[in-house]
Amino acid sequence: ALAVPDRQVDSVCPYCGVGCQLTYQVKDNRILYVEGRQGPANAGRLCVKGRYGFDYAHHPQRLTTPLVRREGMSKAGDFVMDPARVLEVFREASWEEALALAGGGLARIRDGHGGAALAGFGSAKGSNEEAYLFQKLVRTGFGTNNVDHCTRLCHASSVAALLEGIGSGAVSNPVMDVLRAEVIVVIGANPTVNHPVAATWIKNAVKAGARLVVMDPRRSELARHAHRYLQFKPDTDVALLNAMMHVIVGEGLVDQGFIADRTLGYEELARNVAGYSPEAMAPLCGIDAETIRYVARLYATSKASMILWGMGVSQHVHGTDNARCLIALSLMTGQIGRPGTGLHPLRGQNNVQGASDAGLIPMMLPDYQRVDNPAARARFEQAWGVALDPQPGLTVVEVMDAIDAGQVRGMYIMGENPAMSDPDANHARAALARLEHLVVQDIFLTETAYLADVILPASSFPEKNGTFTNTDRLVQLGRQAIDPPGQARQDLWIIQQMAQRLGLDWHYGSVADVFDEMRRTMPSIGGITWERLEREGAVVYPCTQEGDAGQPVVFTERFPREGGRARFVPADIIPAAERPDADYPMVLITGRQLEHWHTGSMTRRAAVLDAIEPDPVALLHPLDLERLGVQPGDTVTIASRRGEVVLYARADDGSPVGAVFVPFCYYEAAINRLTNAALDPFGKIPEFKYCAVRLTPG
Ligand code: SF4
């Protein structure tokens, strides 16, 4: 007989940044099914991940006991997935022993070599409170700013450009504002796959009359709904966007009043784009000049135009320049600061916005207060009662290089999986294996945990309370529906236990106590009380005073920069760090697929999602399949200068000819073994969207 739930728990989806609210239907400490709830971002809608991606929490491979690497057991060799063999590598330990070893090992390195010999990676899968406590532990317990998380791999370049240009790294308008836009530009994003409920709002807007322009080298399903689809050549974003601005400036379509009243640096920007005529850029970007002119006019002259973008924009060595161009487009046309306009970098993980806000980044304290700003540092030193390091810390990829150089010797990684998600993953794995001491806190034996000295079994999303901030700046409450299995413990408890082993006297009574401390140190959320969150479930920031409604649309009167003005920053063409050549003639583009989430540790253990997409795939244009002599379903080997993997070929006529698209969630064909670790110099984001590869059948 079908089990009937006896408890309903309202919470939030653990996956993407859309932040859909849902209800867990629970019986006997098991989630039976999930239903959509009337949240501000989803209005009852859920995608396949939200609806079917919950049973990973009950998977038999959950870590339920602390594990310690067996004496003398090598970290060399490949990841072993077979759980039966886990105990050949690790032995079970009590919490007391595991914490003593975990914290003791990190404390020894700190005391012997200084705090800069340590680093921590937190996670955008965790709550705001976990992110806040984790970065506080690294800054006050380790004594370093070497703390980062996966924002470095997704929107760090967007945030760098936004902070520089308009003074805030978050979105200006919520996704739902597409319903108030006349023109919607989606560039370098595939919302149907990566932000599926957001895609439904875009399609609804199109049905109601909005004109959608999709710009992407790889044609997505959303392009079917587009008024214009621009399939520009990979790596030519700046050429295309500067050409659009050339038209807007040249044809006098700029908003002179907005530029004069609210911006700086327009003259320099206008001089720069003068050299980028559509006729000159058309051969480079593969879009004819008349189409560039048409789209530029459409965007500039509509009553309300909104831009949404994703990692197709951000994951380049020129990711910051790409975002600078999008910001300049909105500023020169005054398409920002009103409903239905603005800039929306679609956030990846469900809490990447909140984890960044909470200070899980190496150059910023909570609320984007720079560590090298003496006044900001002094405020936190007073709040936390500890002197803080004034040097910005190392970013995700820089940490791996610092391990190679012998500078970083120990790490604490909570909920991240750099052995799968870092570029040039063979190098990242070798670096992690070289650490003197690695502590990993996770719910599964991930590829990263496999390299650990101590593994601390943590709680999954529905096993804890906490706040999560979605792509719209909505702070939402996730509520505990079930208990963690076995001896697995809640992450806030584990972080505090680690803090105590590092000499900190931390005793937060509840998650609400942590949130209250965050409110006191973070003006943007200062007005959000825990009671209000419990009552309303979601509050948008900025919300600086109790009782504030919060501001879904910002920059209505001023930008949060000195003088209240935004700044134009010109950008020129910078090519990808590694171009195709005779040995490696094709381009590799990595990304996600609808059913799987990031490195796959959760969704590949969700039965329905795994059944839909069980195997690693490489998506290729039919012309490339024919040229290679490969049929769909055949295996194909992809190699770069850094490694090779074998996957199943799939036909995709949306992929550009000469490029291959591969999702990064498959441990058995970990595509990041091939990607290039070249970094954008501003956001320090790696170039996941472009490197040179060779394909061979078999
Ligand atoms: Fe979850 Fe995102 Fe799907 Fe909503 S759109 S159900 S937040 S994965």
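Numbers given to residues run from 1 along each chain, matching the order in which its sequence is written. Restriction of local features to residues with pLDDT of at least 70 applies here, the model being predicted, together with a cutoff of 80 or more for giving and counting side-chain atom pairs; totals for whole chains, interfaces and linings are based on all residues. As a rule here, side-chain values cover all heavy atoms of the structure and leave hydrogens and water aside.

Identification of the protein chain as Formate dehydrogenase subunit alpha from Massilia hydrophila is taken from an unreviewed UniProt entry. UniProt positions are given in the numbering used here, feature names are shortened, and annotations may be inferred rather than shown by experiment. Taken verbatim from the UniProt record of the protein chain, the Sequence similarities (unreviewed entry) comment is "In the C-terminal section; belongs to the prokaryotic molybdopterin-containing oxidoreductase family." The protein chain has a UniProt comment under Cofactor (unreviewed entry) that states "[2Fe-2S] cluster".

## With respect to the site of the ligand
If even one non-hydrogen atom of a residue comes within 4 Å of a molecule or strand, that residue is called near it. Residues in close proximity to the ligand include Cys13, Tyr15, Cys16, Gly19, Cys20, Leu46, Cys47, Lys49, Gly50, Pro196 and Val197, which together make up its full environment. A cavity, in this analysis, means grid points on a 1 Å lattice covering only the protein atoms where a 1.4 Å probe fits yet has no way out; a pocket is instead an open set bounded by protein on both sides within 12 Å along at least five of seven lines, and a residue lines either one if it has an atom within 4 Å of a point. Just a note on the criterion: a molecule sits in a pocket or cavity if more than half of its atoms are within 2 Å of the grid points. Structurally, the ligand is housed in the second largest cavity. Strands are runs of DSSP state E lasting at least two residues, helices are runs of H or I lasting at least four, and both sets are numbered from the N terminus onward. Contributions of two or more residues to the shell around the ligand are made by α1 (48-52) and α8 (196-207). Polarity classes work like this: nonpolar for Ala, Val, Leu, Ile, Met, Phe, Trp, Tyr, Cys and Pro, charged for Asp, Glu, Lys and Arg, and polar for all others, with Gly in that last group. Its residues assigned to classes, the shell around the ligand shows eight nonpolar, two polar and one charged.

## Observations regarding the packing of aromatic side chains
Here the aromatic set is Phe, Tyr and Trp, taking the six-membered ring for Trp, and pairing holds for ring centres within 6.5 Å; pairs whose planes are under 30 degrees apart are stacked, those over 60 apart are edge-to-face, and all others are tilted. Enumeration over the complete set of coordinates arrives at eleven aromatic pairs. Ring plane angle 65 degrees and centroid distance 6.0 Å describe the contact between Tyr15 and Trp597, whose orientation is recorded as edge-to-face. Of this pair, Tyr15 sits in the loop between β1 (7-12) and β2 (21-27) while Trp597 sits in the loop between β23 (586-591) and α24 (607-612), placing them 582 residues apart in sequence. Aromatic side chains Trp506 and Tyr508 sit 5.9 Å apart centroid to centroid with 80 degrees between the ring planes, which places their arrangement in the edge-to-face category. Residue burial is assigned from relative accessible area. The probe radius is 1.4 Å, only protein chains are included, and a residue is buried under 20% of its type maximum, exposed over 50%, and partly exposed in between. Relative accessible area serves as the criterion here: at 7%, Trp506 is assigned to the buried category. Judged by relative accessible area, which is 16%, Tyr508 ranks as buried. Taken together, the ring pairs in this structure connect Tyr132, Phe380 and Trp384 into an aromatic cluster. Lysine NZ or arginine CZ positioned within 6 Å of the ring centre and within 35 degrees of the ring normal marks a charge as sitting over the ring. When the ring centre of Phe661 is taken as reference, the NZ or CZ atom of Arg218 above it lies at 3.8 Å. It is Arg228 that lies over the ring of Tyr294; its NZ or CZ is 4.3 Å from the centre.

## Considering unusual backbone geometry
Going from Tyr541 to Pro542, the amide bond is cis rather than trans, its omega being 0 degrees. Although it is not a glycine, Tyr368 sits at a positive phi angle of roughly 60 degrees. Along the chain, Tyr368 falls in the loop between β14 (364-365) and β15 (369-370). With a phi close to 45 degrees, His598 is a non-glycine residue in the positive phi region. Here His598 shows up in the loop between β23 and α24. Note on His598: relative accessible area 14%, which makes it buried.

## A few points about helix α6 (residues 156-166)
Structurally, the α-helix is built with 3.6 residues per turn, so residues lying three or four positions apart point the same way. Taken across its eleven residues, α6 has eight buried, putting it largely inside the fold. Looking at α6, one finds that the buried residues are Ala156, Ser157, Ser158, Val159, Ala161, Leu162, Gly165 and Ile166. Contacts are assigned to residue pairs that have any heavy atoms within 4.5 Å of one another. In this fold, the buried residues of α6 make contact with α5 (151-154), β12 (305-309), α14 (311-314), α15 (319-332), β13 (342-345) and β22 (566-567). Within two residues after α6, Gly167 carries a phi angle of roughly 85 degrees, on the positive side.

## Focus: a nonpolar patch on the surface
Residues enter a patch when their relative accessible area is above 30% and they make no salt bridge; the linking distance is 9 Å between like charges and 5 Å between nonpolar side chains (Val, Leu, Ile, Met, Phe, Trp, Tyr). For accessible areas, the Shrake-Rupley method is used with a probe of radius 1.4 Å. Any residue's cover is judged against the shown protein chains and nothing else. For salt bridges, the criterion is a side-chain nitrogen of Lys or Arg within 4 Å of an Asp or Glu carboxyl oxygen. Residues Tyr52, Val608 and Ile612 make up a contiguous nonpolar surface patch of about 240 Å² in total accessible area. Relative to the elements of secondary structure, Tyr52 occurs in helix α1. The exposure class assigned to Tyr52 is partly exposed, which follows from its relative accessible area of 37%.

## Digging into the pattern of salt bridges
Going through the model one piece at a time under the given rule, you end up with 38 salt bridges. Among the ionic pairs, Arg532 bridges to Glu536, the shortest N-O distance being 3.2 Å. One end of the pair is Arg532 and the other is Glu536, both in helix α23 (residues 530-536) and four residues apart, which spans about a single turn. On the basis of relative accessibility, which here comes to 10%, the residue Arg532 falls in the buried class. Asp581 is the partner of Arg641 in a salt bridge, and the nearest nitrogen-oxygen pair spans 2.4 Å. Here Arg641 is found in the loop between β25 (635-640) and β26 (643-651), whereas its partner Asp581 is found in the loop between β22 and β23, with 60 residues between them in sequence. For Arg641, a relative accessible area of 41% translates into the label partly exposed. A single salt-bridge network, built from bridges that share partners, covers Glu251, Glu279, Glu290, Arg293 and Arg297.

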